[in-house]
Amino acid sequence: MKRQFSLGAALVLFVMGAWVWAAKKPSASTQQADGGACQAQPLPPPEVAVYPRDVIDGARHPELIPDTIAYRLFFLTVAEPPNASDSQRARQRAFLRTAGLREQDVQPAETVLANFKSQYDDLVAHYNESVEAANAAGTGPDLKGFVSQLNQLVGSTKEQLEAAMSPEAAKRFETHVQSEKRNMRIAKEAQ
């Protein structure tokens, strides 16, 4: 009969091992009594996330993340297709409720976001086709045009959401997206 080693057992063994190690380690008072010099142990350096120079870390500089990109990332995270499953809708509702929307604002937002999802998917499919055609012709794709179309879609979706919500919900939504910039990291070239 094989025994499975669980993660819980591994954690218990690790904690026990650390406790035994700490118990065997001489204390500062023991070291002094033994005539040994008591030296302070250096603290490990704090964990600092280091990102390449070409990445904007929203935790440090949220003001450097453009609103258009912040909304695009939020919409892509929250939007579900028009034929979303119950679990997809529940997930979306949770995001929208966290963003400060009340029940009367959630339903219109779901409709606007489903429209965004369909249009976004169409834009991406069209761009991918244009990249294949450009590669076959030995030319470059129109990335600037694609980004411009994405920005227009994000802007119109934001306007539609604001029109579908109460003014209070729109303000809470704006505040939420602005605060989410702290959780975003984007390439500087994405601007």
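The structure reproduced in this document is the subject of the present report.

What counts and how
- Residues numbered from 1 in each chain as written.
- Predicted model: local features only at pLDDT ≥ 70, side-chain atom pairs only at ≥ 80, totals over all residues.
- Heavy atoms only, no water.
- Helix = DSSP H or I, 4+ residues; strand = E, 2+ residues; numbered from the N terminus.
- Contact = heavy atoms within 4.5 Å.
- Salt bridge = Lys/Arg side-chain N within 4 Å of Asp/Glu carboxyl O.
- Buried < 20%, exposed > 50% of the residue type's maximum accessible area, 1.4 Å probe, protein only.
- Phe/Tyr/Trp six-rings, centres within 6.5 Å; stacked < 30°, edge-to-face > 60°.
- Polar contact = N/O pair within 3.5 Å; in protein donor to acceptor, adjacent residues only side chain to side chain.
- Expected span 1.5 Å × (residues − 1).

## Some thoughts on the environment of Val112
Inference 1: Its place among the elements puts Val112 in helix 5 (residues 103–137).
Inference 2: For Val112 and Gln160, which are 48 residues apart along the polypeptide, the C-alpha to C-alpha distance reads 6.7 Å.
Inference 3: With near-sequence residues (within four places) excluded, Val112 lies in contact with Thr157, Gln160, Leu161 and Ala164.

## Considerations on the pattern of salt bridges
Inference 1: The final tally for this structure, using the stated rule, is 9 salt bridges.
Inference 2: Between Glu110 and Arg93 there is a salt bridge; the shortest N-O distance is 3.2 Å. Of this pair, Glu110 sits in helix 5 while Arg93 sits in helix 4 (residues 86–98), and the two are 17 residues apart along the sequence.
Inference 3: On the accessibility criterion, Arg93 (26% relative accessible area) is partly exposed.
Inference 4: Between Glu162 and Lys158 there is a salt bridge, with the nearest N and O atoms lying 2.8 Å from each other. Remark: Lys158 and Glu162 occur in helix 6 (residues 143–164); sequence separation between them is 4 residues, near one turn of the helix.
Inference 5: With relative accessibility at 35%, the residue Glu162 sits in the partly exposed group.
Inference 6: Three or more residues are tied together by salt bridges with common partners; here these are Arg93, Arg97, Glu103 and Glu110.

## Details of the packing of aromatic side chains
Inference 1: In total, this model carries 6 aromatic pairs according to the counting rule given.
Inference 2: Here Tyr71 and Phe75 contribute two aromatic rings whose centre-to-centre distance is 5.7 Å and whose plane-to-plane angle is 55°, an arrangement assigned as tilted. Here Tyr71 pairs with Phe75, and both are found in helix 3 (residues 67–78), just 4 residues apart, close to one helical turn.
Inference 3: When its relative accessible area of 0% is taken as the criterion, Phe75 is described as buried.
Inference 4: Here Phe116 and Tyr120 contribute two aromatic rings whose centre-to-centre distance is 5.8 Å and whose plane-to-plane angle is 25°, an arrangement assigned as stacked. A residue pair is termed a helical-turn pair when its members lie 3 or 4 positions apart in one helix, as Phe116 and Tyr120 do in helix 5 at 4 residues. Across the pair, Tyr120 and Phe116 agree in class, each one buried.
Inference 5: Among the aromatic side chains, those forming a connected cluster through ring pairs are Tyr71, Phe74, Phe75, Phe116, Tyr120 and Phe173.

## Here's the deal with the side chain of Asp57
Inference 1: Along the chain, Asp57 turns up in strand 1 (residues 55–57).
Inference 2: A distance of 3.1 Å separates a polar side-chain atom of Asp57 from the backbone nitrogen of Ala59.

## Some remarks on helix 5
Inference 1: Taking 1.5 Å as the rise per residue, helix 5 with 35 residues should run 51 Å; its terminal C-alpha atoms sit 51 Å apart, in good agreement.
Inference 2: The complete set of buried residues in helix 5 reads Asp105, Val106, Ala109, Glu110, Val112, Leu113, Ala114, Phe116, Tyr120, Leu123, Tyr127 and Ala134.
Inference 3: Buried positions along helix 5 lie against helix 3, helix 4, helix 6 and helix 7 (167–180).
Inference 4: Gly138 occupies a position one or two residues after helix 5 and carries a positive phi of about 75°.

That's the geometry; what it means functionally is another story.
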